[in-house]
Every structure is written in C-alpha cells, then in structure tokens.
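# Summary of structural features
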Amino acid sequence: MFFLIYLVAIVALTTVYFRIKYWRRYELIKKFPGPPTLPLIGNAHMYMNKKPEDVLDFVQGMIWKYGNLFRVWIGPYQVAFFSTDPKDLEVVLSSTKHITKNNLYNFLKPWLGTGLLISTGQKWHTRRKIITPTFHFKILEQFTEVFNRQGSTLVRLLREKHTSGESFNIYPFINLYALDVISESAMGIELNSQTDSGSEYVRAVSEISQIMSTRFIKVWQRNDFLFNNFVSAKKDHDRCIRIMHNFTEKIIQQRREKLIELLRQGDEQENGRVPIVVDKNSTGGEDEEGFYQKKRMALLDVLLQATVDGKPLSNEDIREEVDTFMFEGHDTTTSAMTFALYAISRHPDVQRRLYEEIVEVLCKDRNTPVTYRHLQNLKYMDLVIKETLRLYPPVPIYGRRIEEDMEINGKIIPAYCNYTMGIYFMGRDPNLYPEPELFKPERFSMENSTEITNPFSYVPFSAGPRNCIGQKFAMLEIKSMLSKVLSHFELLPCGPEPRIIAEIVLRSQNGVHLGLKCRN
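Residues numbered from 1 in each chain as written. Predicted model: local features only at pLDDT ≥ 70, side-chain atom pairs only at ≥ 80, totals over all residues. Heavy atoms only, no water.

A few words now on the overall build of the protein. Helices and strands together make up the secondary structure of the protein, namely 19 helices and 13 strands. In terms of overall dimensions, the protein has a C-alpha envelope of 85 × 55 × 40 Å along the principal axes. Counting the 520 residues in the protein, one finds 55% classified as buried. Summarising the internal contacts of the protein: among those between residues at least 6 apart in sequence, 72% fall at separations of at least 24. Taken as a whole, the protein presents about 24,000 Å² of accessible surface, with 55% of it coming from carbon and sulfur. Averaged over its 66 positive side-chain charges, the protein has a centre that lies 5 Å from the centre of its 61 negative ones. (Helix = DSSP H or I, 4+ residues; strand = E, 2+ residues; numbered from the N terminus. Buried < 20%, exposed > 50% of the residue type's maximum accessible area, 1.4 Å probe, protein only. Contact = heavy atoms within 4.5 Å. Areas by Shrake-Rupley, 256 points an atom, 1.4 Å probe, with all protein chains shown as cover. Lys, Arg positive; Asp, Glu negative; His and termini not counted. Charge placed at Lys NZ, Arg CZ, Asp CG, Glu CD.)

Tracing the backbone shows Asn454 in the loop between helix H18 (423-426) and helix H19 (471-488). Not counting chain neighbours up to four residues away, the residues in contact with Asn454 comprise Pro86, Lys87 and Glu90.

Moving on: the packing of aromatic side chains. Across all of its chains, the model carries 18 aromatic pairs by this definition. Measuring from centroid to centroid gives 5.4 Å for Tyr47 and Phe58, while their planes differ by 75°, and the two rings are edge-to-face. Of the two residues, Tyr47 is situated in the loop between helix H2 (23-29) and helix H3 (55-66) and Phe58 in helix H3; the sequence distance between them amounts to eleven residues. Arranged with centres 5.6 Å apart and planes meeting at 80°, the rings of Phe143 and Phe473 form a pair that is edge-to-face. (Phe/Tyr/Trp six-rings, centres within 6.5 Å; stacked < 30°, edge-to-face > 60°.)

Here the focus is the pattern of salt bridges. Following the criterion strictly, the structure yields 28 salt bridges and no others. As a salt-bridge pair, Glu497 and Arg346 come within 3.2 Å of each other at their nearest N and O atoms. Of this pair, Glu497 sits in the loop between strand E10 (489-492) and strand E11 (500-502) while Arg346 is found in the loop between helix H14 (331-345) and helix H15 (348-361), placing the two residues 151 residues apart along the sequence. The class for Arg346 is buried, based on a relative accessible area of 18%. (Salt bridge = Lys/Arg side-chain N within 4 Å of Asp/Glu carboxyl O.)

Right, let's get into the layout of surface pockets. The calculated volume of the second largest pocket comes to roughly 450 Å³. Lining the second largest pocket are 20 residues, with Gln60, Ile63, Trp64, Phe425 and Arg428 positioned closest to its centre. For the lining of the second largest pocket, the secondary-structure elements that each account for two or more residues are H3 and H18. It is H3 that contributes the most residues to the lining of the second largest pocket, five residues altogether. A class-by-class count of the residues in the lining of the second largest pocket yields ten nonpolar, five polar and five charged. (1 Å grid on protein atoms, 1.4 Å probe; cavity = no way out; pocket = protein on both sides within 12 Å on 5 of 7 lines; lining within 4 Å. Points joined across faces, edges and corners; volume = space filled by probe spheres on them. Nonpolar A, V, L, I, M, F, W, Y, C, P; charged D, E, K, R; others polar.)

What follows concerns the pairing of strand E13 (residues 513-518). Sheet topology note: the strand E3 (residues 168-169)/E13 ladder contains two bridges and is antiparallel. Across the sheet, the residue bridging to Phe168 is Leu514, located in E13. Looking at chain direction, E10 and E13 are connected through four bridges and run antiparallel. Looking at the pairing, Glu490 lines up with Lys517 of E13. (Pairing = 2+ DSSP bridges.)

Let's shift gears to the sheet that holds strand E2 (residues 78-83). With mixed pairing, four strands are arranged side by side in an open sheet as E1-E2-E9-E6. Single-partner strands in this sheet number two, and they are strand E1 (69-74) and strand E6 (397-402). Pairwise comparison of adjacent strand axes, ignoring direction, gives a mean angle of 25° for this sheet. Note: E6 against strand E9 (residues 417-422), six bridges, orientation antiparallel. Bridged to Arg401 within E9 is Asn418. This element, H3, spans E1 and E2 of the sheet and lies at about 125° to E1. Each of E1, E2, E6 and E9 is contacted by helix H4 (residues 86-94), which is oriented at about 125° to E9, the strand it contacts most. (Axes fitted to C-alpha atoms, helices over the stretch in contact; angles between N-to-C directions.)

Listed below in structure tokens is the structure:
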C-alpha cells in the first residue's frame, strides 16, 4: 500500500514539475485538438497494441476526429503535431531554417550515421553541395546502361519463372532489381543480387529493414535504452550493421586505392580514355585498342574526389553517404515500382495506352536499349507514375524537428516538438482530389492541372531545400523498368489485393500480386 502511494506521488510530482517548467509551452500546445492524455505517459498507451496494418486506419480515424492538425503526447514532455494541410506543409517544407529531421530518424543513425538524410546545419549544406552534381542530366544519361542491363536480367528471370498467367508476388523480384541498380549507381559495383539473393550483404539489407520498420511501429522500441537492453533483435541489428559497414568500407578502400593508382600513373589520354586500371564492372566498354572509355561516375567516385576546406572526405564520411543512398534508393524505389505495376495490372485501359506509347517511342523493337531520350519521351508514363505516387507515396509520412517557436499560418508551434506531415492521407483527401480513390493519370495532365488546387498536396519527393536529391534518378529508373516489363509482358489482374502498411516505407503486408502473359 505504501509503495502504491509512493508511486502515485512520484507520478504527480513529475507531472507538476514538467507543467511548471514548461508552462508556456503547455499553454501553446493546449490550443490544439488531440486525444485525452494520461498522467506521465500522455497518449503512448494508444500505440501499445497497434500492429503495422493498424497504423493507417488509426491515423485516418484521428484525422476525422480532430481535423487536419492535431497533437499527440508521447510521455510528459515529447509532443508530436500531425498535419495534412498543404498550406501548412508549404510553410514547413519551404523553410530554410527548420530543416532538422524529427527524432524518429535517430534510430537510423547506427547504420547511416549523419549522412545527407539525417544531417542538418552546415554539414547538411556541405554534403548537399558535394552530391548535387552527381544528378546532373549528363551523368544521369550514363545510368540508363545500368537500367537496361539490370532490366534485361529482371525480364529474363520473370520469363523463366512466371509466365503462366497465375498470380505471384512480384515484390521480391523488383526489390532485388532495385538493389542491383542502386549498388552499381552508388558504389560502382555489381552485387548480382537478382541472381545471387543469398549473399551476406543482400540478406543483411533485407533483415535490417525489417528490424527498423518494427522500431518505427512499436513506440517503446524507439527509445534507445529500451531497444538496446530489452529487445532480442538488438543482436541481429548490430550484426547486420557490422556486415553492411564492413562491406561498404571494403569497397571504399578498394576504389580509393585504384583512384590513387590512376592519379599516380598520370597518363590519362585525350578523348577521356584511360589505361585499364579500374574494374570493368565500374566502367564503360573496352575499345579495340585495349582502353576503357571515360568511366561512369558512381556516387562513390564523386565522394572520393570531393574536398571540404581543401581536405578529402574520410572513409567514414563517404560510408555515411553511400549507406544513405543504398537505404534511400532501394526500399523507396521498390515501393514505387511494385505499386505502379499493381495499379497498371488493375487498369487495362491505362496499360493499353502505356504499351502503345512504349511501342511508338521504341519503334516497335522491344529489345532496343532504352536511352535517356526515350525515357524523356514517355509522357503518358509520367502521368501514370505521378498518379501511383499520389495513392502510394513510398515515404507516407515526413517529419521535422521544430527547434524554436514557429508560426505557421497564424498558429504557433512551440519549440522542441516533432512536426509530422501525412503525405499518404493528403493524396486520398476528397477535399484535395476529386474522386481520390480512382486511379486517373489524366488528373496530372496540363489540361487538368486546375484539379490540383495546391501543389503541396502532392509532394512524394518532399519539397523545398530538403527535397529528394535523387528524384530524377528515381523517375528514370521507374520508367526504364516499366518500359522493359510492359514491352515483354501483359500484366494480369489476379491475386489478392495488397494490405497496405505504413512503416518507414509504404509496403504491402501480403506482397504485391499479379500475373504475367508474354506478348507476341
């Protein structure tokens, strides 16, 4: 009995302490709607029994009940605002001052460090400036060769295994295709994960993604102390990160040594030809004189040659950025591509128009290597991808950390709060999109541009200073894959409907099912 009284007294005193110390902050927060709170734990109890498949419905219910801006308490001090108002998002995303990601991103730090995704302040500005030239269209052009080669492997594997017209889950195939593309683009190496999915690195990437997604869903696992000391998955988490870091560091060291060797020889020839000192896997083709044409610039090559204040980046600095691109350019594009295939399979008129456009652009030869110009000319495909990203944004929720009081359209968001933006929910809001559940690519055409009343209601690649640096790369990769698959197969609407879940990336809990029929 005494212990119970003692416990209640501690809870009461702790609550009073926080209320007094942060009185002004509490007064500002009280002005916003939100669910009733419990002493000390706030609203944390509402998340305790939630499963991944419950999250979207749970948040949607909160939006219906409390409107397009509400607050949720996690404990006595931490509060998160959730917004689905594009006018508010415009203020937050356009800010050059409030660029710090919210603290939910912190559990990615053991893997990604403080790379471009997580860093803030001067470090973020410096890294962004270094990496931006990597996505110049002249460099993007070079990656179409990677898309073609990996796309051909994808088509071959699909033809070998799934052309009976029966339902199958296409997600694993697209997942490994995306991993092969980003590993060659970011690190300049061929993982060959489509044909060797049992490699240690490939398994580690898949396993760590699942562990981190679970941390995102289970609120109590977000706390580092609890996760590090009371969650059995912590050992697997550390093992996977160790495997991935060792792999990346090995590649960085090998590429650095070869770059030094190349510079030491100092006999680069005219016309951009260099002696054979770089892996074939990371270069263009060999010409008749035994020289390689000017090599394709992977992100790793850019980082190895970059300097900050006259000094080269350390291996750890480079690893942060390479790992960040492996993370951001793998799961997100996989999500976008699989949901695009699903949507196309369920809308035969859309598929017919897409196929007609592909035939016209590629001149009826489905084995023609798809060039940068080809991809630029697939205009209807652009609309289809945009409509897919409206309904199935790969990153369904964005977050910022408000470090000081911020006024947003007359509302004061107090300092030290998380500001969460529900991209997924805006795309399905009937107040923002007429008939939002319809898959209608034409809504993004120039003729129907008035349908989208606020451009910040559609931000699948974010917006403002922290917009996705790789969005052009992602769009080209998606278009290349779709053109390859649709050239060879008709997509059939069969199998169960996806059960969508919001983790770090939007996924389907039961896979993405369809059928394939070879085209004549």
